[in-house]
Amino acid sequence: MIRSRGAPEKSSIRNPKPRQIAELTFTGERERESQSGVAGHHSTTMLRLDLLLLSILLLSTPVLSDVVLSKVDRRVDLTSHIVRITSTLKVENVGKGPASEVIIVFPERQAKKLAYVTAATNAGKGKVKGPTTSLPVSIANAKGLPPSLEAYSVSLPEPLRKGESISVDVLTAFTHSLKPFPEKISQADIQLLVFEDSAHYLSPYAVQAQSLTIKLPDSRVESYTRLENSKYQNSEIKYGPYENLPPFSYTPIIVHFESNHPFAVAKELVREIEISHWGNVQVTDNYDMVHEGSEIKGEFSRLDFQARPHQRGASAIKNLIASLPPRAHSVYYRDEIGNISTSRLWGDLKKTELIIEPRYPMFGGWRTAFTIGYGLPLGDFLFESEGKRFLNVTFGSPINNIVVDTLIVKVVLPEGSEFVSVAAPFPVTQWQETKFSHLDVVGRPVIVLQKTNVVPEHNQYFQVYYKFSSISMLREPMMLITGFFLFFVACIVYTHLDMSISKSSPSYLAKLQWEDVLSTIQQIEKLINKCLAVQDRLEGSLRDLSRSGDVQACKAARKSADGTLKELSKEVRPLLSFLQASPQAGHILPKVEELVAKERELEDKLMAKHTTVVDCYEKKVAGREVENRIASQQQKIASLRQEVDDLLEFIDEL
């Protein structure tokens, strides 16, 4: 309501004329009416009940008569799933005192879907348009209005005196106002929508003349409410003009029309704008999108869609167009699987346009999630003013004609930023977070802005102000330089540092003693192996004796072997004495002593066998008899040789 300064508030009640509950005249096909008749009857019944309650409340609402609307021209645009209504109000003050504001009202059901409202006026007259002046719009606490109405106040540039008039243009955008009917269709069906509104302009003021124009996306309309002075022509439905309407006039209308425009709705969009003072602004948009048009029923045929996409998928989302800022670079488009190659990018000096295609055509009820990222030149969006830096970027989604249920914008500032403030052209919810990235110490401040029910009209510039010292830019390079310097210093120190243990320490002496023990054991092992090799040659002389019968040659071989074994035994004796005297060899000494003893016993048995065989050959004893005499000796020799080999293997593992 317009309140007059200094004028007393009037409490008289003006009853409007009886409301007209219009009958629906269906012009669609009879078959479609029969399929949707039950749902349509239920919807109409509920609508009439709501209107009856609204009418009772409006009849009891007080009105003021200081201001009238001499002319109202409304234009409703239904060419997309965002309903845009432009209302031109000619406001005239007929009261005694000046008026400083205009009250516009919306029904509660419509106000819940209101996404954007703005008002403006121009100084021109008639067809000559002057400079446009934006008018502040705010939620009004108008007294006396029923709870089923929500009021907004439009502040006038100057108080309107008695007899003066002004023209005000009010633009409103509504989301989720168009309802698919039927709600489910097959792949080959067209999409039909239902729109509900009032043929009369709902206002707390009297309206002297008003008209309504509804622009449809197509020339085909299933049905619409027929009233007096209503007509349908060239994809437009016109109501009016209607004259001398009392305050709170409300005449419901319903339009059932064809629209294959896809309902692209982002259930959530998270935008991250990261500032780097090294020359780049990185933008990352994460979309969770759904098609909220008529849901597809039955099976989806890819073959039919590719053969006739305009008939077998007319309402599907085939591509999306994102208008990016000019000079955008490093653009990418991907989802959880990876990069999506079905995209095209082109640009000029004014804008950069990205055309993307989902991995599959999106029909009603289908969802998808994807990410769009790109870089921007820092100089185009970061400025300085009064000792502060400020980022100047757009708020909404760059994708054309998309509704965002929840939009979260995160502005990541450089580490060390302080005194942060935000200037937004509309109310938003704000809080601050911290993000850690490469080489961060205390983290980067993140300004988070959240808004629900966002439409393309919200894609306006907002500013984030902060203070940042230029010296802070050197922090990360200095950290890198210092890190590399310390690394190379550590390498130099390491290469020149003596890491060996002190030669006077007990551990070092114990290590040297153990090395001496191992060396002595290896020498004993080599001498034992030489003894075994001599014993093998002695065994070979017996085999030569059995073939040639040369006893003298066999005796000579024994004499040579006996001398060699005695020399080797002399060499083993001091080595064994060293081990017996060394405390480090205490755990291995028994095995070494056993090895030496077994080797000597093996040597004695072998010599005894050799003597027996030579004596038998000198006495001309038969070969069978010789074998019988040395059989027991041969078994003992084989057993001793196996024990010696096992001991050598055990010591070798040490």
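Residues numbered from 1 in each chain as written. Predicted model: local features only at pLDDT ≥ 70, side-chain atom pairs only at ≥ 80, totals over all residues. Heavy atoms only, no water.

Chemist: Would you take a moment to explain the overall build of the protein chain for this structure?
Modeler: Along the protein chain, the regular secondary structure elements total eight helices and 32 strands. Residue pairs at least 24 apart in sequence account for 77% of intrachain contacts in the protein chain once pairs closer than 6 positions are excluded. For the protein chain, the accessible surface area stands at approximately 34,700 Å², while carbon and sulfur atoms represent 53% of it. (Helix = DSSP H or I, 4+ residues; strand = E, 2+ residues; numbered from the N terminus. Contact = heavy atoms within 4.5 Å. Areas by Shrake-Rupley, 256 points an atom, 1.4 Å probe, with all protein chains shown as cover.)

Chemist: Just checking my understanding: could you explain the side chain of T368 for this structure?
Modeler: Tracing the backbone shows T368 in strand 25 (residues 367-377). The class of T368 is buried, set by a relative accessible area of 15%. Filtering out sequence-adjacent residues up to four positions away, T368 remains in contact with Y287, D288, M289, Y360 and M362. (Buried < 20%, exposed > 50% of the residue type's maximum accessible area, 1.4 Å probe, protein only.)

Chemist: Mind showing me how you'd approach the nonpolar core here?
Modeler: Nonpolar side chains tend to gather and get buried jointly when the protein is soluble and globular. Within the largest apolar cluster, 57 residues are counted, with the highest numbers of intra-cluster contacts made by L78, V91, I104, V168, I214, Y239 and F257. Excluding its chain neighbours within four sequence positions, the residues that come into contact with F257 are L78, L178, Q191, L192, L193, F195, L216, P217, R220, V221 and E222. (Core = buried A, V, L, I, M, F, W, Y, C linked by side-chain atoms within 4.5 Å.)

Chemist: Got a minute to help me understand the environment of S80 in this structure?
Modeler: Within the element layout of this structure, S80 appears in the loop between strand 2 (67-77) and strand 3 (83-93). Along the primary structure S80 and H261 are separated by 181 residues, whereas in three dimensions their C-alpha atoms are 6.1 Å apart. Excluding anything up to four places from it in sequence, S80 contacts L178, H261 and N401. Reaching out from S80, the side chain makes a polar contact with the backbone oxygen of I82 at a distance of 3.2 Å. Of note is the side chain of S80, whose polar atom sits 3.4 Å from the side chain of R84. (Polar contact = N/O pair within 3.5 Å; in protein donor to acceptor, adjacent residues only side chain to side chain.)

Chemist: Help me understand helix 7 (residues 589-618), please; the structure alone is not making it clear to me.
Modeler: Three- or four-residue spacings in an α-helix give side chains the same orientation, since the helix completes a turn every 3.6 residues. Along its 30 residues, helix 7 runs 44 Å from first to last C-alpha, staying within 8% of the 44 Å computed at 1.5 Å per residue. Just downstream of helix 7, K620 is the residue with a positive phi angle, here 65 degrees. (Expected span 1.5 Å × (residues − 1).)

Chemist: What exactly am I supposed to notice about the sheet that holds strand 23 (residues 343-347) here?
Modeler: Across a sheet, strands are paired by hydrogen bonds formed along the backbone, either parallel or antiparallel in direction. Strands sit in the order 21-24-23 across an open sheet of three strands; the sheet is antiparallel. Two strands bound the open sheet, and with one partner strand each, they are strand 21 (320-324) and strand 23. With strand direction ignored, the average angle separating the axes of adjacent strands in the sheet is 15 degrees. With five bridges connecting them, strand 23 and strand 24 (residues 352-356) associate as antiparallel partners. Pairing of L345 across the sheet is with L354, part of strand 24. (Pairing = 2+ DSSP bridges. Axes fitted to C-alpha atoms, helices over the stretch in contact; angles between N-to-C directions.)

Chemist: When you look at the sheet that holds strand 5 (residues 114-122) in this model, what are you seeing that I'm missing?
Modeler: Read from one edge of the open sheet, eight strands run 6-5-9-3-2-13-16-15, paired in mixed fashion. Of all strands in the sheet, those with a lone pairing partner are strand 6 (132-135) and strand 15 (230-233), marking the two edges. Direction aside, neighbouring strands of the sheet carry axes that sit 20 degrees apart on average. Bridge analysis of strand 13 (residues 206-215) against strand 16 (residues 236-245) gives seven bridges, and the strand direction is antiparallel. Considered in strand 16, the bridge of Q210 is made with Y242.

Chemist: In this structure, what is going on with the pattern of salt bridges? I would like to understand it.
Modeler: Pairing is possible between side chains of opposite charge, provided their charged atoms come close. Applying the stated criterion across every chain yields a total of 26 salt bridges. Note that D288 is salt-bridged to R367, the shortest N-O span being 3.2 Å. Of this pair, D288 sits in strand 19 (residues 280-291) while R367 sits in strand 25; the two residues are 79 residues apart in sequence, bridging distant segments of the chain. A cluster of three or more residues bridged by salt bridges with shared partners is formed by E272, E274, K435 and R444. (Salt bridge = Lys/Arg side-chain N within 4 Å of Asp/Glu carboxyl O.)

Chemist: Quick question: what am I supposed to make of the pairing of strand 32 (residues 461-467) here?
Modeler: Put simply, side chains in a regular strand alternate between the two faces of the sheet. Strand direction decides the pairing type here: strand 27 (residues 388-394) and strand 32, joined by six bridges, are antiparallel. Paired with N392 across the bridge in strand 32 is Q463. By the bridge criterion, four bridges tie strand 29 (residues 418-423) to strand 32 in an arrangement that is antiparallel. Opposite E418, over in strand 32, you have K467 as the bridge partner.

Chemist: I keep staring at the pairing of strand 8 (residues 149-160) and nothing clicks. Help me out?
Modeler: The pairing of strand 4 (residues 99-107) with strand 8 spans eight bridges and is antiparallel. Across the sheet, the residue bridging to V105 is A151, located in strand 8. Across three bridges, the pairing between strand 7 (residues 137-139) and strand 8 is antiparallel. Note on strand 8: the bridge partner recorded for I139 is Y152.

Chemist: Explanation requested: a negative patch on the surface in the structure shown.
Modeler: A grouping of D646, E649, D652 and E653 is seen on the molecular surface, where their side chains present a negatively charged patch. Relative to the assigned elements, D646 resides in helix 8 (residues 623-653). (Patch = residues over 30% accessible without salt bridge, like charges linked within 9 Å, V, L, I, M, F, W, Y side chains within 5 Å. Lys, Arg positive; Asp, Glu negative; His and termini not counted. Charge placed at Lys NZ, Arg CZ, Asp CG, Glu CD.)

Chemist: I would appreciate a short explanation of a nonpolar patch on the surface in the present structure.
Modeler: On the surface, a nonpolar cluster with roughly 780 Å² of combined accessible area is contributed by L439, V441, V442, M479, L480, F484, F487 and F488. Relative to the helices and strands, L439 is located in the loop between strand 30 (429-435) and strand 31 (444-454). L439 gets classed as partly exposed once you look at its relative accessible area, which sits at 34%.

Chemist: Explain the confidence of the model for the protein chain to me, please; I cannot follow it from the model alone.
Modeler: Atom-level detail of predicted coordinates should not be read off regions where pLDDT is low. Across the protein chain, the average pLDDT comes to 83, with 87% of residues at 70 or higher. Residue range residues 1-49 is modelled with pLDDT below 50. Its contacts to residues more than four positions away, or to other chains, number 95 contacts. In this model, residues 55-61 is a region of pLDDT below 50 whose contacts with residues beyond four sequence positions or in other chains number 17 contacts. (pLDDT = per-residue confidence, 0-100.)

Chemist: Got a minute to help me understand the packing of helix 6 (residues 551-581) against helix 7 in this structure?
Modeler: Each pair of packed helices gets described by two things: the angle between the helix axes and the distance between those axes. Running from N to C, helix 6 and helix 7 cross one another at 165 degrees; their axes reach a closest spacing of 11 Å. Judged by the angle between their axes, helix 6 and helix 7 are roughly antiparallel. In the crossing of helix 6 with helix 7, the sense of the turn from one axis to the other is left-handed. Here V551, C554, K555, R558, D562, L565, S569, V572, R573, L576, L579 and Q580 of helix 6 lie close against helix 7, whose contacting residues are L589, V592, E593, V596, R600, E603, M607, H610, T611, V614, Y617 and E618. A class-by-class count of the residues in the contact of helix 6 with helix 7 yields twelve nonpolar, four polar and eight charged. (Parallel < 35°, antiparallel > 145°, perpendicular 65-115°, else oblique. Left-handed = near helix turned anticlockwise from the far one by under 90°. Nonpolar A, V, L, I, M, F, W, Y, C, P; charged D, E, K, R; others polar.)

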